[in-house]
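Here are the chains, one letter per residue:
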Amino acid sequence: MSYSPDVPPRHIARRNVSKPAWTVRRNSAPRPVAQLSSRVTRRFEVEWFDGTDIQDFSRVVPALPAFEEAFGAFAHGVLIQTDQGPVAIEDLLPGMMLETGDGEYTRLLWKGSIMLVPGAPTMSDTPQKLYRMMPDALGPGRPTQDQTFGPHARRLDRNPKARAIYGVTEALVPLRSLTDGMAVVEVTPATPVRIYHLMTETHSTIRANGVEVETYHPGPDLALSMSAEMMAVYMGFFPFLNDIRDFGRMTAARLNEGDLAAIA
């Protein structure tokens with residue numbers, strides 16, 4: 001690819017972070033993932049910034065849920081706010097600066113994508129659906145126009161009840177938890193759709209047409225659920241990282257659907 005960002009990154013994400021990322025609670029031990037010999041595979045497409053230029057590659061490997069989660073938060077066409085204005089996710093290039101939820105900017109280091117194919121076999125418990133958010137679903141201008149997200153998108157939520165129960169003022173929650181058939185509609189695509197995820201210099205929320213959506217982070221439990229063989233395949237998606245700990249700390253706690261039901 002020919003694009004080379006004009007501004008060098010503040011750092012490439014080979015961060016030695018001693019404190020683990022965290023969630024509010026863990027209701028059960030992680031399930032072991034399937035073995036490498038699985039017949040269910042996907043083609044995973046990766047673009048990443050090496051500090052000077054953009055590199056890219058694709059790999060066909062088992063379609064493990066942990067792998068698919070790293071590639072499935074945004075659907076084709078979602079507008080991401082950058083320092084140059086809104087850009088459709090398919091046109092984003094690693095090295096660009098994205099606007100964070102707090103109005104700062106962070107560098108995009110990595111973009112991954114896969115094809116969501118209706119009816120394709122899957123090893124995931126998460127429905128292979130898209131979630132269409134209507135204009136003003138979260139308030140005026142949030143979003144300004146309908147946007148479609150993938151099955152693994154999480155948004156930033158500031159529910160005051162969460163502080164009383166979990167001791168947090170804000171949390172990352174599955175966007176699919178908003179599904180009500182009106183403001184957020186679950187969609188089964190009729191044809192294959194490309195879905196994406198983005199990783200920035202540090203774990204952040206970014207603005208997707210007025211909605212604060214989480215950038216990619218594996219969370220604290222991935223290493224506990226994956227064999228050394230699988231972990232090597234997984235880390236191969238992120239050539240600029242040396243170790244799972246290099247993802248750094250999470251920007252906020254995560255709540256799952258069960259946690260949300262407790263504060264409804």
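Structure report, in brief. It should be emphasised that the depicted structure is a prediction, and the values quoted were computed from it without experimental measurement.

### Comments concerning the overall build of the protein chain
Then, in step 1: Helix and strand counts for the protein chain stand at five helices and 16 strands.
Then, in step 2: Looking at the protein chain residue by residue over its 264 residues, the buried ones come to 49%.
Then, in step 3: A fraction of 69% describes how many contacts in the protein chain between residues 6 or more apart in sequence connect residues 24 or more apart.
Then, in step 4: When the accessible surface of the protein chain is summed, it comes to about 12200 Å², and 49% of that surface belongs to carbon and sulfur atoms.

### Description of the pairing of strand β11 (residues 171-174)
Then, in step 1: Where strand β10 (residues 154-157) lies against β11, four bridges are found, and the strand directions are antiparallel. Along β11, the bridge assignment pairs Arg-154 with Pro-174.

### Observations concerning unusual backbone geometry
Then, in step 1: Of note, the amide linkage connecting Arg-142 to Pro-143 takes the cis form, showing an omega dihedral of -5°.
Then, in step 2: Tracing the backbone through its elements, the reader meets Pro-143 in the loop between β8 (130-133) and β9 (147-149).
Then, in step 3: Although it is not a glycine, Asp-136 adopts a positive phi angle of roughly 65°.
Then, in step 4: Locating Asp-136 in the fold gives a position in the loop between β8 and β9.
Then, in step 5: Phi is positive for Asn-209, which is not a glycine, with a value near 55°.

### Details of the nonpolar core
Then, in step 1: Ranked by size, the top nonpolar core spans 32 residues in total, and within it Phe-67, Trp-110, Tyr-234, Phe-237 and Phe-238 carry the most contacts.
Then, in step 2: Of all elements in the fold, only β1 (41-49), β2 (54-62), α1 (65-69), β7 (105-116), β13 (193-200) and α4 (228-235) reach the threshold of two or more residues within this core.
Then, in step 3: Not counting residues up to four positions away in its chain, the partners in contact with Tyr-234 are Ala-66, Phe-67, Tyr-216, Pro-218, Leu-222, Met-226, Ile-244 and Phe-247.
Then, in step 4: Counting residues in hydrophobic clusters, the runner-up holds 24 residues, among them Met-96, Phe-149, Leu-198 and Val-211.

Basis of the calculations
- Residues numbered from 1 in each chain as written.
- Predicted model: local features only at pLDDT ≥ 70, side-chain atom pairs only at ≥ 80, totals over all residues.
- Heavy atoms only, no water.
- Helix = DSSP H or I, 4+ residues; strand = E, 2+ residues; numbered from the N terminus.
- Buried < 20%, exposed > 50% of the residue type's maximum accessible area, 1.4 Å probe, protein only.
- Contact = heavy atoms within 4.5 Å.
- Areas by Shrake-Rupley, 256 points an atom, 1.4 Å probe, with all protein chains shown as cover.
- Pairing = 2+ DSSP bridges.
- Core = buried A, V, L, I, M, F, W, Y, C linked by side-chain atoms within 4.5 Å.

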